[in-house]
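Here is what each chain is made of, one letter per residue.
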Amino acid sequence: RRRGCRCAWWRQYQGLKRRFITHQREDRMRPLLLKGHTRPLTFIKYNLDGDVLVSCAKDHRPTLWYADSGERIGTYKGHNGATWSCDITRDSTRLVTASADSTVKLWNLATGECIYTYEFDIPCRSVSFSLGEEYILLTTDAFMGVPPAVRILKHSKDTEEQTHEEVLLVNDAHPGRITRAMWGRLNKTFVTSCEDGLVRKFDASTGKLLNSVKLHDKSIQMMDMDRDQNTIITASQDKTSKLLDADTFEVLKTYQCDRPLNTATISPIKDHIALGGGQDAASVTTTAGQAGKFEVVFYHKLFMEMFGTVRGHFGPLNFVAFSPNGKSFTTGGEDGYVRIHHFDSDYFEQEFA
């Protein structure tokens, strides 16, 4: 019986794999191509409902889009440097952005009004709201002898009460750039990824280092967590992506790819992983799209087999994000384009896990 079940699963799996690749050839899964940036994309964030998304780029202007149609709603003007990341409150009223101009800005998501600016003397990189949105988790880069750091800032929902209050500073735990920081369960911990290939966990109240694991031989470019906060996915320049237990940092799965990876994310509805990257941006002008390996690559989360790719960008893929309902995904590349892909019905009808 077990062997029969395995064969049945395998036939369904190969069927989905053939259909996925066939869709590429027939161009049935047509993307929405959005041109709103003049420089490379750095980050993409959906709101909780999944009806809008914000894209960040090196052109100083985060942009708000309708996630279904790709229509541009507006831009947020105020930064004077590359915007590296952003986050949106659960009620979709506020946006926070971190920029290389040494500022973190709070915005009214709908109107584009800048509500408050946290000012620093060093470039800001990763930013995210805590559960309940009372705090903001921020990373800052090394600059002029100042080491890279993780900071927790106080966030007030009352604009008049908002001040630049720093609750916690951790500046002695990372030897290199901190590429990503995320809150753990119930805001009790936070997790960081670093260009030294390590993932670290800290106590959010004291800043004490609780755990650190060497995962990659090269820089971890991006880290993401599933929506239940059970597992973490990493993407590294060493051409591997790893799935971790969010509590223990035990490596559960390793996805071996044929390209340096810049981004990784986990589907909210299926056991699928999306990875992306490609050849270094400095060599793109001398490389064809296929040779540069700029596609989104899909792996089965449990069986670690690649079952499909989606082409489109003509430069390295810098970010990929699934929509909250798992019915679409959005990519951002070095070419300055945002591409929204809505899955075909076959993707949901074919069950194999």
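None of these values were measured; they are calculated from a predicted model.

Undergrad: Whenever I open this one, the pattern of salt bridges confuses me. Can you help?
TA: All chains considered together, the criterion is met by nine salt bridges. For Asp196, the salt bridge identified is with Arg200, shortest N-O distance 2.7 Å. Arg200 shares its class with Asp196; the two are buried. Across the pair Asp271 and Lys301 runs a salt bridge, and its minimum N-O distance is 3.7 Å. Here Asp271 is found in the loop between β22 (261–266) and β23 (272–277), whereas its partner Lys301 is found in the loop between β24 (296–300) and β25 (306–310), with 30 residues between them in sequence. Asp271 sits in the partly exposed class, given a relative accessible area of 25%. Exposure remark for Lys301: the relative accessible area of 15% places this residue in the buried category.

Undergrad: What exactly am I supposed to notice about the sheet that holds strand β7 (residues 94–99) here?
TA: Sheets are built from strands that pair by backbone hydrogen bonding, the pairs being arranged parallel or antiparallel. Strand order across the open sheet formed by four strands is β6-β7-β8-β9, with antiparallel pairing between neighbours. The two strands at the open ends of the sheet, each matched to only one other strand, are β6 (83–88) and β9 (114–119). Within this sheet the neighbouring strands show an average axis-to-axis angle of 15 degrees, counted without direction. Examined bridge by bridge, β6 and β7 share five bridges and lie antiparallel to one another. Looking at the pairing, Thr83 lines up with Ser99 of β7.

What counts, and where the lines are drawn
- Residues numbered from 1 in each chain as written.
- Predicted model: local features only at pLDDT ≥ 70, side-chain atom pairs only at ≥ 80, totals over all residues.
- Heavy atoms only, no water.
- Salt bridge = Lys/Arg side-chain N within 4 Å of Asp/Glu carboxyl O.
- Buried < 20%, exposed > 50% of the residue type's maximum accessible area, 1.4 Å probe, protein only.
- Helix = DSSP H or I, 4+ residues; strand = E, 2+ residues; numbered from the N terminus.
- Pairing = 2+ DSSP bridges.
- Axes fitted to C-alpha atoms, helices over the stretch in contact; angles between N-to-C directions.

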